[in-house]
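Summary of the model geometry
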Amino acid sequence: NVQRHPSRRRKLSSCNSVETTDPVTSPTAAEARVLVINTGGTIGMTLHDDVLAPKANAFVKGLRKLPILHDEVYAQQTCLYEYYGENTLVLPIVYTNKRIVYTILEYSPLLDSSNMTTDDWGRIGKDIEKNYENYDGFVILHGTDTMAYTASALSFMCEHLGKPIILTGSQVPIYEMRNDGRDNLLGALLIAGQFVIPEVCLYFYNKLYRGNRVTKVDTGSFNAFSSPNLAPLATAEVDITSKSQGKFQSVVRAFLQPPMQGVVLETYGSGNAPDNRPDLLEELKKATDSGVIIINCTQCLRGTVSASYATGKVLMDAGLIAGGDMTPEAALSKLSYVLAKEDLKLDARKKMMAQNLRGEMSTDLVGAKLCLSDSRFIQVIAKSLSISCKEELEAIRDALTPPLACAAAKIGDIEALEALKEMGSNLCLGDYDGRTPLHIAACEGHLKLVKYLLSHGASVYAKDRYGDTPLCNAVRFKHKEVVKLLRKTGAHFSREELEEAGTELCSLAASGDLDGLEIWSIAGADLNKPGYDGQTAIQVVGSRRHALI
Ligand code: ASN
């Protein structure tokens, strides 16, 4: 795709590069941009006095020397540093003929993640917000010790997220001969640059996990994280396809006193505690009565908190909130997030804690199990193919339903979409051309349906095989209200699209299409952007008026 970064391309002739037709170095590949925020952690540490500690201003220089993580020839040929600055690097070309250009923002001081505080979470969140529109994805380099906490915290902080945020790091510094940092960084960059996964994720040892589902389980293995209750979101294989009793009671009482506002309690099995300790239960009850939010999480890696035992029911009776299958890391961060919502009353806060906010807990494990039995359509097909096992049924459903959902979107049939959703199909998936129901609804101008899809998690950032988003489609087909709604939901033109808009705007101006110009402007285009001949749309409108007079 030759038009992805036109202004850099325009400069190419003046920069000291030699044009080439070699596909590996040719500066004609489409580019994705990823922002890497380096907060510290083992990945960039070096040995000082026999202990590992972060080293400032060394990471970018180190990466430049690793051909697997940086293509210096391409950088020179495309004036990369001149355009994006010295801290920008570029991966070798990937098989999808894409270049991933990444810029590293290094924090000072770099931290061992055991020293991270909630202020650091806030700083990361703000930096993502500040740079959100200029990048396709974000990678956060972070120490492993508290990575699951930061991932959980970011998942709650990032409301209406539409782009991937991927935390990664390593167990061994990237500068050492045998290390896991190179693979982890490379995998995270490839995913952040090529896939629209609108979640906070954690990538480690070839697996992409939902960030608020992981826990660090191993201090000495490259396979350091586990997501016990939710399978990885993606796997990168060949292809990328998630005490003493009396004293204890007084400690509990002291601990639950003001200003304590919330507590995560890790309990046995399915959320159980001794029911023969009325003294402790009474302390817990007193605390919840006085407004302390206590979340009951299980100590077990797999399974969920339930009220199936008397020993669990006593905790519910004491006013604890069942934490389902949330990790304690996610529960703690969620609690900080909910407690920070100052405008919420206690009941509303408690309700939020019990609800699934970002996929951190399975709401109803039984109900969530896929039920294909009531889907006549899939059954008929399965029967004709003599298929009965659940996995094969799911495979058929996943192959068939995206084009069906697109067909329903084309005719504005919300009921059909609702039925497909109930069948367990994902309305965000695209058809063979990567076109999602939202793309189709945007083309057709079905405002109600666009609203429906957006409220059911459709991504405004989904790109079809031509690189177009639903916003591009709505603009092209001049559906003003859809454009407004998509913009309100966070859709925006990429920097490259804004650069390229000048010529299109001029041709609209030349044909007197003021409506079209208005829609482009609502979509974020600058009517003062010059077209290929240096004239702006406004100038073209002016000279056209002049000619008419
Ligand atoms: N102590 C390190 C950290 O969390 C551990 C690591 O990154 N592997 O920063």
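Numbering of residues starts from 1 in every chain and runs along the sequence as written. With the structure being a predicted model, the display of local features is reserved for residues of pLDDT at least 70 and the display and counting of side-chain atom pairs for 80 or more, all residues being used for whole-chain, interface and lining totals. Side-chain metrics rest on all non-hydrogen atoms present in the structure, leaving aside hydrogens and water.

1. Notes on the overall build of the chain
- Helices and strands together make up the secondary structure of the chain, namely 23 helices and 15 strands.
- Using a 1.4 Å probe on the protein chains alone, a residue whose accessible area is under 20% of its type maximum counts as buried, one over 50% counts as exposed, and one in between counts as partly exposed. In the chain, which comprises 549 residues, the share counted as buried stands at 49%.
- All accessible areas in this document rest on Shrake-Rupley with a 1.4 Å probe, and a residue is counted as covered only by the protein chains that are shown. Per element, the accessible surface of the chain, about 26700 Å² overall, is 54% carbon and sulfur. Only DSSP runs of H or I reaching four residues or more are called helices, and only runs of E reaching two or more are called strands; each is numbered from the N terminus.

2. What to know about the sheet that holds strand β13 (residues 262–267)
- Here a strand pair is declared whenever DSSP counts at least two bridges between the two strands. Taken together, three strands build an open sheet; the order of strands is β13-β14-β15 and the sheet is parallel. Where the open sheet ends on each side, the last strands, each with one partner, are β13 and β15 (321–322).
- Relative to strand β14 (residues 293–298), β13 runs parallel, the two being bridged by six bridges. Pairing of Gly-262 across the sheet is with Ile-293, part of β14.
- Every residue pair with non-hydrogen atoms within 4.5 Å of one another is taken to be in contact. Axis angles are defined between N-to-C directions and span 0 to 180 degrees, where every axis is a line fitted to C-alpha atoms and, for a helix, only to the segment in contact. Here helix α11 (residues 328–339) sits on the sheet and contacts β13 and β14; the angle it forms with β13, its principal contact strand, is near 165°.

3. Quick word on the pairing of strand β5 (residues 98–111)
- As defined by bridge partners, strand β1 (residues 30–40) adjoins β5 across 10 bridges and the pair is classed as parallel. Its bridge partner being in β5, Asn-38 is matched across the sheet by Glu-106.
- In this sheet, β5 lies alongside strand β4 (residues 88–90) in antiparallel orientation, the contact comprising three bridges. Among the inter-strand pairings, Val-90 is bridged to a residue of β5, identified as Val-101.

4. Things to note about the pattern of salt bridges
- Think of a salt bridge as a Lys or Arg side-chain nitrogen and an Asp or Glu carboxyl oxygen that are within 4 Å of each other. Enumeration over the complete set of coordinates arrives at 20 salt bridges.
- Measuring nitrogen to oxygen at the nearest pair gives 3.0 Å for the salt bridge that ties Glu-444 to Lys-410. Of the two residues, Glu-444 is situated in helix α17 (residues 437–444) and Lys-410 in helix α15 (residues 390–410); the sequence distance between them amounts to 34 residues.
- When the shortest N-O distance is used, the salt bridge between Lys-484 and Glu-481 registers 3.5 Å. You can see Lys-484 and its partner Glu-481 sitting in helix α20 (residues 480–488), three residues apart, about one turn around the helix.

5. Considerations on the side chain of Asp-433
- Mapped onto the secondary structure, Asp-433 falls in the loop between α16 (414–422) and α17.
- Under the relative-accessibility criterion, Asp-433 is labelled buried at 17%.
- Side-chain atoms alone can form a polar contact between residues adjacent in sequence; in general such a contact is a pair of N or O atoms within 3.5 Å, and within protein one must be able to donate a hydrogen while the other accepts it. For Asp-433, the side chain forms a polar contact with the side chain of Arg-465, separated by 2.8 Å.

6. Considerations on helix α6 (residues 147–157)
- Most of α6 is tucked away: nine of the 11 residues are buried.
- For α6, the complete set of buried residues consists of Met-147, Ala-148, Thr-150, Ala-151, Ser-152, Ala-153, Leu-154, Ser-155 and Phe-156.
- Close packing links the buried residues of α6 with α5 (118–131), β7 (165–168), β8 (200–204), β10 (215–216), β11 (225–226) and α11.

7. Things to note about the packing of aromatic side chains
- For this analysis, a ring pair means two rings from Phe, Tyr or Trp (six-membered ring only for Trp) whose centres lie within 6.5 Å, classed as stacked if their planes differ by under 30 degrees, edge-to-face if by over 60, and tilted for the remaining angles. On inspection of all chains with the given rule, the structure shows seven aromatic pairs.
- On the basis of an interplanar angle of 5° and a centroid distance of 6.2 Å, the ring pair of Tyr-132 and Phe-138 is categorised as stacked. Of the two residues, Tyr-132 and Phe-138, neither departs from the other in class, the shared state being buried.
- Here the aromatic rings of Tyr-132 and Tyr-461 are separated by 5.9 Å at their centres, their planes lie at 75°, and the arrangement is edge-to-face.

8. Some points on the site of the ligand
- In the vicinity of the ligand, the contacting residues are Gly-41, Thr-42, Asp-112, Ser-113, Gly-143, Thr-144, Asp-145, Ser-170 and Gln-171.
- Asp-112 has a polar side-chain atom sitting 3.0 Å from a nitrogen atom of the ligand.
- Contacts to the ligand include Thr-144, whose side-chain N or O atom sits 2.7 Å from a nitrogen atom.
- With the chains in place, 90% of the 270 Å² that the ligand exposes on its own is no longer accessible. Any residue with at least one heavy atom within 4 Å of a molecule or strand is counted as near it.

9. Description of the sheet that holds β8
- The eight strands lie next to each other as β4-β5-β1-β6-β7-β8-β9-β12, forming an open sheet whose pairing is mixed. Two strands lie at the open edges of the sheet, namely β4 and β12 (234–235), each paired on one side alone.
- Relative to the sheet, α5 contacts β1, β5, β6 (137–141) and β7, its axis offset from that of β5 by approximately 145°.

10. Let's talk about the environment of Ala-537
- Relative to the helices and strands, Ala-537 resides in helix α23 (residues 537–548).
- In the structure, Ala-537 is positioned 27 residues away from Ala-510 in sequence and 7.9 Å away in space, judged by C-alpha atoms.
- Sequence-distant contacts of Ala-537, defined by excluding residues within four places in its chain, comprise Leu-505, Cys-506, Ala-509, Leu-517, Leu-527 and Lys-529.

11. Some details on the confidence of the model for the chain
- Summary of the metric used: pLDDT quantifies the predictor's per-residue confidence within the range 0 to 100. Per-residue pLDDT for the chain has a mean of 86; in total, 87% of the residues score no lower than 70.
- The low-confidence segment residues 16–26, where pLDDT is below 50, has 19 contacts with residues more than four positions distant or belonging to other chains.
- The low-confidence segment residues 365–375, where pLDDT is below 50, has 16 contacts with residues more than four positions distant or belonging to other chains.
- Across the interface, the model reports ipTM at 0.96; the global pTM reads 0.66.

12. Notes on the nonpolar core
- Counting 67 residues, the largest nonpolar core has Leu-453 and Leu-486 as the members making the most contacts within it.
- We define a nonpolar core as any set of buried Ala, Val, Leu, Ile, Met, Phe, Trp, Tyr and Cys residues linked to one another through side-chain atoms lying within 4.5 Å. Counting residues in each nonpolar core, the second largest holds 32 residues, with Phe-59, Leu-66, Tyr-102 and Ala-234 among its members.

13. Some words on the packing of α6 against α11
- Close contact between α6 and α11 brings their axes to 8 Å; oriented N to C, the two are set at 40°. Relative to α11, the element α6 lies oblique. Crossing of α6 over α11 shows right-handed handedness. Of the residues in α11, those touching α6 at Ala-148, Tyr-149, Ser-152, Ala-153, Phe-156 and Met-157 are Glu-329, Ala-330, Leu-332, Ser-333, Lys-334 and Tyr-337.
- Considered class by class, the residues forming the contact of α6 with α11 number eight nonpolar, two polar and two charged. Roughly parallel here means an angle under 35 degrees, roughly antiparallel means over 145, roughly perpendicular means 65 to 115, and every remaining angle is called oblique. Crossings are sorted by hand: turned counterclockwise from the far helix by less than a right angle, the near helix makes the crossing left-handed, and turned clockwise it makes it right-handed. When residue character is reported, Ala, Val, Leu, Ile, Met, Phe, Trp, Tyr, Cys and Pro are called nonpolar, Asp, Glu, Lys and Arg charged, and the others, Gly included, polar.

14. Describing the side chain of Asp-464
- Residue placement: Asp-464 occurs in the loop between α18 (447–455) and α19 (470–476).
- There is a polar contact of 2.7 Å between the side chain of Asp-464 and the side chain of Arg-435.
- If sequence neighbours within four positions are ignored, Asp-464 has contacts with Asp-433, Gly-434, Arg-435 and His-439.

15. Focus: unusual backbone geometry
- Here the amide bond leading from Ser-108 into Pro-109 is cis, since omega sits at 0°, within 30 degrees of zero.
- Turning to its location among the elements, Pro-109 is positioned in strand β5.
- Here the bond from Pro-258 into Pro-259 is cis, since omega is 10°, no more than 30 degrees from zero.
- By the element assignment, Pro-259 lies in the loop between α8 (245–255) and β13.
- The phi angle at Tyr-205 is positive, at roughly 50°, despite the residue not being glycine.
- By the element assignment, Tyr-205 lies in the loop between β8 and β9 (207–210).
- For Tyr-205, a relative accessible area of 38% corresponds to the partly exposed category.
- One non-glycine residue with positive phi stands out, namely Lys-478, at about 60°.
- Mapped onto the elements of the fold, Lys-478 is located in the loop between α19 and α20.
- We classify Lys-478 as partly exposed; its relative accessible area is 39%.

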